[in-house]
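Chain by chain, the residues:
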Amino acid sequence: MTTISQSKGVPTIRFDAALCTIEERTILRLPQKASQKLPSRGQVAVQGTINGHGFHAVLEPDGYFGHWMRIDEKQQRAAAVSAGDIATLAIEPLKDWPEPSVPQDLDRALAEAPKNIQDLWKAITPMARWEWVRWVNATNNPDTRKRRVEVSVSKMKSGKRRPCCFNLAACTDPYLSKNGRLLEPA
């Protein structure tokens, strides 16, 4: 677990929240009061506990100036929770972001790109890499996605360190959002 010295100096945020299911994915939406204590309306890297079990995550914006996080099956088992249950959380924002999981299409394009683009990718912060990944992943249209991968490489070729022109406070998961806002549970 990342040490406390890497936190952003924001006191530990403690809250209870219900797990719910949207499109077969189990998520936890932070209460508005907890989200307001975070340093950004966009993504926020955190460390914390859910029912006493440690985790690291990047909280996603919900498009309503709040945040949510996916709770995978492993986390559900460790914390003994499932959709419909109330969990107790304690979170702290981190200054040091974890590396994102780069999707195969973007990873392949970067591997095939000229060395100066590969060097730029390595030189940008993990937070900036999260933004590129998030922008590429923000569509389920294959043609749009392909174009975003191409545009990512093109922008990096011109020296751009971050994608531009998308709302960082919007919910961008194409399966869990509509018009930049997290869907309501069914």
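Structural data are supplied above this passage.
Below is a short write-up of the structure. Sequence order sets the numbering: in each chain, residues are counted from 1 along the sequence as written. Where local features are concerned, this predicted model is filtered to residues with pLDDT of at least 70; where side-chain atom pairs are given and counted, the filter is 80 or more; whole-chain, interface and lining totals use all residues. No hydrogens and no water enter the side-chain calculation; it runs on all heavy atoms of the structure.

1. What about the pattern of salt bridges?
Reasoning step 1: Salt-bridge detection follows one rule: a side-chain nitrogen of Lys or Arg within 4 Å of a carboxyl oxygen of Asp or Glu. If you walk through the whole model with that rule in mind, you get 10 salt bridges.
Reasoning step 2: When the shortest N-O distance is used, the salt bridge between K146 and E150 registers 3.9 Å. Here the residue K146 and the residue E150 both occupy positions in helix 6 (residues 142-157), the gap between them amounting to 4 residues, near one helical turn.
Reasoning step 3: The class for K146 is exposed, based on a relative accessible area of 55%. Note on conventions: DSSP H or I runs of at least 4 residues are helices, E runs of at least 2 residues are strands, and numbering of each starts at the N terminus. The rule is simple: take the accessible area with a 1.4 Å probe, protein chains only, and divide by the maximum for that residue type; under 20% is buried, over 50% is exposed, in between is partly exposed.

2. Quick notes on the pairing of strand 5 (residues 67-70)
Reasoning step 1: The pairing of strand 2 (residues 25-29) with strand 5 spans 3 bridges and is antiparallel. Looking at the pairing, R29 lines up with W68 of strand 5.
Reasoning step 2: Two strands qualify as a pair provided that DSSP identifies no fewer than 2 bridges between them. In this sheet, strand 5 lies alongside strand 4 (residues 53-61) in antiparallel orientation, the contact comprising 2 bridges. If you follow P61 over to strand 5, its bridge partner there is H67.
Reasoning step 3: As consecutive antiparallel partners, strand 4 and strand 5 are separated by 5 residues, and within that stretch G63 has a phi angle of approximately 85°, a positive value.

3. Some remarks on the nonpolar core
Reasoning step 1: Buried residues of nine kinds, namely Ala, Val, Leu, Ile, Met, Phe, Trp, Tyr and Cys, make up a nonpolar core once their side-chain atoms join them within 4.5 Å. Counting residues in each nonpolar core, the largest one holds 22 residues, and the members touching the most others are F15, L28, I50 and I91.
Reasoning step 2: Among the secondary structure elements, those contributing two or more residues to this core are strand 1 (13-22), strand 3 (44-50), strand 4 and strand 6 (86-93).
Reasoning step 3: Counting residues per element, this core draws most heavily on strand 1, which supplies 4 residues.
Reasoning step 4: Listed in part, the 18 residues of the second largest apolar core include A109, W132, V136 and V149.

4. Some details on the layout of surface pockets
Reasoning step 1: Space inside and on the surface of the protein is sampled on a 1 Å grid over the protein atoms alone, with a cavity defined as a set of points where a 1.4 Å probe fits but cannot get out and a pocket as an open set with protein on both sides within 12 Å along at least 5 of 7 lines; lining residues have an atom within 4 Å of a point. Grid points are joined across faces, edges and corners, and a volume is the space filled by probe spheres set on the points. The computed volume of the largest pocket comes to approximately 720 Å³.
Reasoning step 2: Surrounding the largest pocket, 27 residues form its lining, E60, R70, W130, N137 and D173 being those nearest its centre.
Reasoning step 3: Going through the elements one at a time, strand 4, strand 5 and helix 5 (126-137) are the ones with two or more residues in the lining of the largest pocket.
Reasoning step 4: Of the residues in the lining of the largest pocket, the class split is 12 nonpolar, 7 polar and 8 charged. The residue classification treats Ala, Val, Leu, Ile, Met, Phe, Trp, Tyr, Cys and Pro as nonpolar and Asp, Glu, Lys and Arg as charged. All others, Gly included, are polar.

5. Digging into the packing of aromatic side chains
Reasoning step 1: Centres within 6.5 Å make a pair out of two Phe, Tyr or Trp rings, where for Trp the six-membered ring is used; the pair is then stacked when the planes are under 30 degrees apart, edge-to-face when over 60, and tilted otherwise. For the structure on display, the rule yields 2 aromatic pairs.
Reasoning step 2: An angle of 65° between the planes, with centres 6.2 Å apart, marks the rings of W97 and W130 as edge-to-face. With W97 in the loop between strand 6 and helix 3 (104-112) and W130 in helix 5, this pair connects stretches of sequence that are 33 residues apart.
Reasoning step 3: Of the residues examined, W97 reaches a relative accessible area of 13% and is grouped as buried.
Reasoning step 4: Owing to a relative accessible area of 17%, W130 belongs among the buried residues under this scheme.
Reasoning step 5: On the basis of an interplanar angle of 75° and a centroid distance of 6.4 Å, the ring pair of W132 and W135 is categorised as edge-to-face. Taken together, the residues W132 and W135, both in helix 5 and 3 residues apart, mark about one turn of the helix. W135 carries the same exposure label as W132, and that label is buried.
Reasoning step 6: Whether a charge sits over a ring comes down to the Lys NZ or Arg CZ being within 6 Å of the ring centre and within 35 degrees of the ring normal. Note that K155 overlies the ring of W135, its terminal NZ or CZ placed 5.5 Å from the centroid.

6. What to know about the environment of V136
Reasoning step 1: Within the element layout of this structure, V136 appears in helix 5.
Reasoning step 2: We classify V136 as buried; its relative accessible area is 0%.

7. Description of the sheet that holds strand 2
Reasoning step 1: On the basis of which strands lie adjacent, the closed barrel formed by 6 strands has the order 1-2-5-4-3-6 and antiparallel pairing. On average, each strand axis in the sheet is inclined to that of its neighbour by 45°, with strand direction left out of account. Axis definition: a line fitted to C-alpha atoms, over the contacting stretch in the case of helices. Angles run 0 to 180 degrees between N-to-C directions.

8. Topic: the packing of helix 4 (residues 115-123) against helix 6
Reasoning step 1: The interhelical angle for the contact between helix 4 and helix 6, taken along N-to-C directions, is 90°, at an axis separation of 9 Å. Our classification of the angle between helix 4 and helix 6 gives roughly perpendicular. For the pair helix 4 and helix 6, the contacting residues are N116, I117, L120 and W121 in the first and V153, M156 and K157 in the second.
Reasoning step 2: The residue inventory of the contact of helix 4 with helix 6, partitioned by class, reads 5 nonpolar, 1 polar and 1 charged. Angle categories are assigned with fixed cut-offs, so that under 35 degrees is roughly parallel, over 145 is roughly antiparallel, 65 to 115 is roughly perpendicular, and the rest are oblique. By definition in these notes, contact holds between two residues if any of their heavy atoms fall within 4.5 Å.

Function cannot be inferred from these measures alone, as they are strictly geometric.
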